[in-house]
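Per-entry structural report
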Amino acid sequence: MLINLTLNAQSSFYTIKGTVLEKDTLEPMAGSQVFLIGTTIGTAADSDGNFTLKNIPGGIFELSASFLGYESVSLTFNTNAIEPEYVLFLQPKVYELDEVTVRPDPDKWKENFEEFEKTFIGTGPFSDNTKIKNPEVLSFDFDPYEGTLSASAADMLIIENKALGYTLNYYLNYFMINYRKGSSFFYGRTFFIPMESSRKRINNRWQKNRDKAYYGSFLHFSKALVNNLTEEEGFISRGEKRGPKARYIGDTTIPSYIYFSQVDSSTYMFKFINFINVSFRNEEEDKSYLDYIWSPLDRNPRTETTFQNSSFTLSTDSVLMDKSGYLYQPNELLLDGYWGFERVSDMLPINFIPSEK
């Protein structure tokens, strides 16, 4: 059974207002992009640097402002205590000398970009229709001694996802592939801009693909946790431990209160040791996942899909999450398995509402 869940089932929506100014001169930053991180809610500041964001659901959100050539800034606010006005100050970026004078080898840059794109965009069902429109803002650094590839971006990445019907403005904070460990990790700030079409067939396809990306995702799981409906939504949780060469998954299911609890009226907390293993029984893996997990060392590789199975762990003692879906420390909650396979091409805004089933 699938229930149409929202993290914040309510009739009240909120509005915030503010101004974006240059930090040193206090001049208005007209045209700066102002948005709530991880959502479709955003706008451009007017000629006086003023902005208004409407239709904000209840909860805690991170407000961000950006402008080309300036350091991005952000602040967190709670809709229960909205201030009359928010003022965001932008200051120019300071570039090191080598950042503007060193020219990368074109062939090496292309090779690094292909590795970046495969890891960042992913190889899932929507990856072929997801493209980075301005790859020239990326720089790479390969460390042969550590076996790592890191990436940075001089400006926001503009990503066009024609499968889900979004343009993403992605502000990359960190990216690294560790070839020796066989791992990768990246995080950043995202603003989703819905594409528009007058053709019903295209809009229906976008919604169908968005639903496919949503059901079974960590976003779906988070909403089910907040509403205490994980099993009803098809999620089964078990404990998991890992050794140097093997992992051990418990035989019995565990209730969500073992690892997830409510702190106050709007805040929740993940707190546990080792891993939580989560199976989603309402949808099988995409066939592309078999290629993702294939290894030349595997003597008996899987050839058939099964129910989606994921794991997650914490790199700190606990991680807080608001009822809106906003994670206070998103880089401290690490995903593996099918959730680790899902990358930017599968991403949805936290204010996404799926179709009823």
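Coordinates for the structure precede this section.
Residues numbered from 1 in each chain as written. Predicted model: local features only at pLDDT ≥ 70, side-chain atom pairs only at ≥ 80, totals over all residues. Heavy atoms only, no water.

Considering all chains together, one arrives at 2 cavities of 30 Å³ or more under this definition. Quantified by volume, the largest cavity comes out at close to 90 Å³. Taken together, 13 residues form the lining of the largest cavity, with Pro125, Lys212, Glu283, Tyr338 and Glu342 sitting closest to its centre. For the lining of the largest cavity, the elements supplying multiple residues, two or more each, are helix H3 (200–214), strand S18 (275–284) and helix H6 (338–341). Within the lining of the largest cavity, the residues separate by chemical class into 6 nonpolar, 1 polar and 6 charged. For the second largest cavity, the calculated volume is near 30 Å³. As for the second largest cavity, its lining consists of Gly216, Phe235, Val278, Ser279, Phe280, Gln308, Ser310, Tyr338 and Trp339. Contributions of two or more residues to the lining of the second largest cavity are made by S18, strand S19 (307–314) and H6. A per-element tally of the lining of the second largest cavity places S18 first, with 3 residues. Among the residues forming the lining of the second largest cavity, the class breakdown is 5 nonpolar, 4 polar and no charged. (1 Å grid on protein atoms, 1.4 Å probe; cavity = no way out; pocket = protein on both sides within 12 Å on 5 of 7 lines; lining within 4 Å. Points joined across faces, edges and corners; volume = space filled by probe spheres on them. Helix = DSSP H or I, 4+ residues; strand = E, 2+ residues; numbered from the N terminus. Nonpolar A, V, L, I, M, F, W, Y, C, P; charged D, E, K, R; others polar.)

Our next topic: the pairing of strand S14 (residues 235–242). In summary, the side chains of a regular strand alternate between the two faces of the sheet. Two elements, S14 and S18, share 6 bridges in a ladder whose sense is antiparallel. By the bridge assignment, Glu240 is partnered in S18 with Phe275. Sheet analysis places S14 next to strand S15 (residues 247–249), joined by 3 bridges and oriented antiparallel. Across the sheet, residue Lys241 finds its bridge partner in S15, namely Tyr248. (Pairing = 2+ DSSP bridges.)

Moving on: the packing of aromatic side chains. Enumeration over the complete set of coordinates arrives at 41 aromatic pairs. Look at Phe120 and Tyr170: their rings are 5.0 Å apart centre to centre, the planes differ by 85°, and that puts the pair in the edge-to-face class. Placement of the pair is Phe120 in helix H2 (residues 106–120) and Tyr170 in strand S12 (residues 166–178), with a sequence separation of 50 residues. On the numbers, 5.2 Å between centres and 40° between planes, the contact of Phe221 with Trp339 is tilted. A residue pair is termed long-range when its members are at least 10 positions apart, and Phe221 in helix H4 (residues 218–226) and Trp339 in helix H6 qualify at 118 residues. For Trp339, a relative accessible area of 4% translates into the label buried. (Phe/Tyr/Trp six-rings, centres within 6.5 Å; stacked < 30°, edge-to-face > 60°. Buried < 20%, exposed > 50% of the residue type's maximum accessible area, 1.4 Å probe, protein only.)

Now for H3. The terminal C-alpha atoms of H3, which comprises 15 residues, lie 21 Å apart, in line with the 21 Å expected from a rise of 1.5 Å per residue. Regarding H3, the residues found buried are Ile202, Trp206, Asn209, Arg210, Asp211, Ala213 and Tyr214. If you follow the buried residues of H3, they end up packed against S12 and H4. Immediately beyond the C-terminal end of H3, within one or two residues, lies Gly216, with a positive phi of roughly 90°. (Expected span 1.5 Å × (residues − 1). Contact = heavy atoms within 4.5 Å.)

Side chains that are three or four residues apart share a direction in an α-helix, a result of its 3.6 residues per turn. Extensive coverage of H4 is indicated by the burial of 9 of its 9 residues. By the burial criterion, the buried members of H4 are Phe218, Leu219, His220, Phe221, Ser222, Lys223, Ala224, Leu225 and Val226. Just past H4, the residue Asn228 takes up positive phi, approximately 55°.

Here we take up the nonpolar core. In this structure, Leu63, Phe116, Phe120, Phe270 and Phe312 are the most contacted members of the largest nonpolar core, which totals 69 residues. Excluding residues within four positions of it along the chain, Phe312 makes contact with Phe221, Tyr259, Phe270, Phe272, Asn274, Phe275, Ile276, Val278, Leu333, Leu334, Leu335 and Trp339. Residues Phe35, Met156, Tyr171 and Phe191 belong to the second largest nonpolar core, which totals 5 residues. (Core = buried A, V, L, I, M, F, W, Y, C linked by side-chain atoms within 4.5 Å.)

Note that Arg343 resides in the segment after H6. Of the polar contacts made by the side chain of Arg343, one reaches the backbone oxygen of Thr119; its length is 2.7 Å. Excluding residues that lie within four positions of it along the chain, Arg343 makes contacts with Thr119, Phe120, Ile121, Gly122, Ser184, Phe186 and Tyr292. (Polar contact = N/O pair within 3.5 Å; in protein donor to acceptor, adjacent residues only side chain to side chain.)

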